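Here are the chains, one letter per residue:
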Amino acid sequence: MQNPNEDTQWNDVLRAKGIIPEKETEVTEEDLVDLVEQAVEQRSHGKDMGDMNLEELNDMEDDIDEEEQRIFEAYRRQRLAEMHASTLRAKYGSVNEITKADYVTEVNKAGEGVWVVLHVYKNSMPLCKLLNQHLNQLALKFPETKFLKSISELCIPNYPDKNLPTIFVYFEGDMKKQWIGPHAFGGMGFKLEEFEWMLGQIGAVKSELEECPKKEVKDVMNIAIRESAIHTVDSDDDE
């Protein structure tokens, strides 16, 4: 006898005519996890499992059945491993000052999987001070990235002031990006979000920004240019 659950053309005809029942939907491990998450969300008043800490996950164990328990325990172990890995990676959280003597150790030999953002600066320059303020905030927000700063004459002898501020970005000891001079940052109007976006685009930080913060400014400029062109055409027609 032919298996009614097989995917054959004949079985499709029989199902269409109601002679055999519809094929049972295969429930995957992912489907089971989704069911557990839905059940947990209902019991936790809408709070997602991914947002729970270990104490909250443990409290939920008393309210689930045997099948849910198996998947829930696997999920809890996964969350524990993720949190442990995140703790190991998040070992920075501040901006450290270095000199030329520290460069190789702190930058070139930072380690596997480590992004390094280095600001070469001068205290007397306002834009350098602004970038240092942004770096302090970014270091707190992205503790998995190593943020460093170094006074130019102590880091790179005879480094031209016209190149300041300078940002060097390294990954596993290799330089991935550099921004040199005030024009690279757009002057004193340079925003924290713009800095985060720039670093996020190359992977130095895990930013959640979905678009460039300067997009709105660019759009306004484009509109102004278009309107100016329209007015120019209208003036020519009037003549």
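Coordinates for the structure precede this section.
**A few points about the packing of helix H6 (residues 126-141) against helix H8 (residues 192-202)**
- Closest axis-to-axis distance for the H6/H8 pair is 10 Å, and the angle between their directions is 60 degrees. Judged by the inter-axis angle, H6 sits oblique to H8. Handedness of the H6/H8 crossing: right-handed. Seen from H6, the contacting residues are Leu131, His134, Leu135, Gln137, Leu138 and Lys141; seen from H8, they are Leu192, Phe195, Glu196 and Leu199.
- When its residues are assigned to classes, the contact of H6 with H8 shows six nonpolar, two polar and two charged.

**Remarks on the nonpolar core**
- Judged by nonpolar contacts, the single largest core of 22 residues is most densely connected at Phe147, Ile167, Phe185, Phe195 and Leu199.
- Of all the secondary structure elements, the ones that give two or more residues to this core are strand E2 (115-121), H6, strand E4 (166-171) and H8.
- When neighbours within four sequence positions are excluded, phenylalanine 147 is seen to be in contact with Ser94, Val95, Asn96, Val117, Leu135, Leu138, Ala139, Phe142, Leu199 and Val205.
- Within the second largest apolar cluster, 18 residues are counted, among which are Tyr121, Leu148, Ile151 and Phe168.

**Examining the pairing of E4**
- Where burial is concerned, most of E4 is hidden: five out of the six residues are buried.
- When E2 meets E4, the two strands line up antiparallel, connected through six bridges. Opposite valine 117, over in E4, you have valine 169 as the bridge partner.
- Of the strand pairs in this sheet, E4 and strand E5 (residues 174-180) are connected by six bridges, and their pairing is antiparallel. If you follow valine 169 over to E5, its bridge partner there is lysine 177.
- The hairpin formed by E4 and E5 contains two residues between the paired strands, and glutamate 172 there has a positive phi angle of roughly 50 degrees.

**Some words on the sheet that holds E4**
- An order of E1-E3-E2-E4-E5 is seen for the five strands of this open sheet, with the pairing classed as mixed. Strands with a single pairing partner mark the edges of an open sheet, and in this sheet they are strand E1 (95-97) and E5. For this sheet, the mean angle separating the axes of adjacent strands, direction not counted, is 20 degrees.
- Where H6 meets the sheet, it contacts E1, E2, strand E3 (146-151) and E4, and its direction lies at approximately 160 degrees from that of E2.
- Packed on one face of the sheet, H8 meets E2, E3, E4 and E5 and runs near 150 degrees to E5.

**Quick look at H8**
- Here H8 has its buried residues at Leu192, Glu194, Phe195, Glu196, Trp197, Met198 and Leu199.
- Structurally, H8 contributes buried residues whose contacts are with E2, H6, E3, E4 and E5.
- Immediately downstream of H8, the backbone of glycine 203 shows phi near 95 degrees, a positive value.

**Some words on H6**
- Compared with an ideal rise of 1.5 Å per residue, which puts 16 residues at 22 Å, H6 spans 23 Å between its outermost C-alpha atoms and is within 8% of the ideal.
- Along H6, the residues classified as buried are Leu127, Cys128, Leu130, Leu131, Asn132, His134, Leu135, Leu138 and Ala139.
- Among the structural elements, E1, E2, E3, E4 and H8 are those in contact with the buried residues of H6.

**Considering the pattern of salt bridges**
- Applying the stated rule across the entire model yields five salt bridges.
- One salt bridge connects glutamate 97 with lysine 149, and the closest N-O pair in it is separated by 4.0 Å. Taken together, the residues span a long stretch of sequence, with glutamate 97 in strand E1 and lysine 149 in strand E3 at a distance of 52 residues.
- Of the residues examined, glutamate 97 reaches a relative accessible area of 42% and is grouped as partly exposed.
- Two residues, glutamate 196 and lysine 141, come together in a salt bridge whose shortest N-O distance is 2.9 Å. Separated by 55 residues along the polypeptide, glutamate 196 in helix H8 and lysine 141 in helix H6 bring together distant segments of the chain.
- Take glutamate 196: its relative accessible area is 5%, and that puts it in the buried class.

What counts and how
- Residues numbered from 1 in each chain as written.
- Predicted model: local features only at pLDDT ≥ 70, side-chain atom pairs only at ≥ 80, totals over all residues.
- Heavy atoms only, no water.
- Axes fitted to C-alpha atoms, helices over the stretch in contact; angles between N-to-C directions.
- Helix = DSSP H or I, 4+ residues; strand = E, 2+ residues; numbered from the N terminus.
- Parallel < 35°, antiparallel > 145°, perpendicular 65-115°, else oblique.
- Left-handed = near helix turned anticlockwise from the far one by under 90°.
- Contact = heavy atoms within 4.5 Å.
- Nonpolar A, V, L, I, M, F, W, Y, C, P; charged D, E, K, R; others polar.
- Core = buried A, V, L, I, M, F, W, Y, C linked by side-chain atoms within 4.5 Å.
- Buried < 20%, exposed > 50% of the residue type's maximum accessible area, 1.4 Å probe, protein only.
- Pairing = 2+ DSSP bridges.
- Expected span 1.5 Å × (residues − 1).
- Salt bridge = Lys/Arg side-chain N within 4 Å of Asp/Glu carboxyl O.

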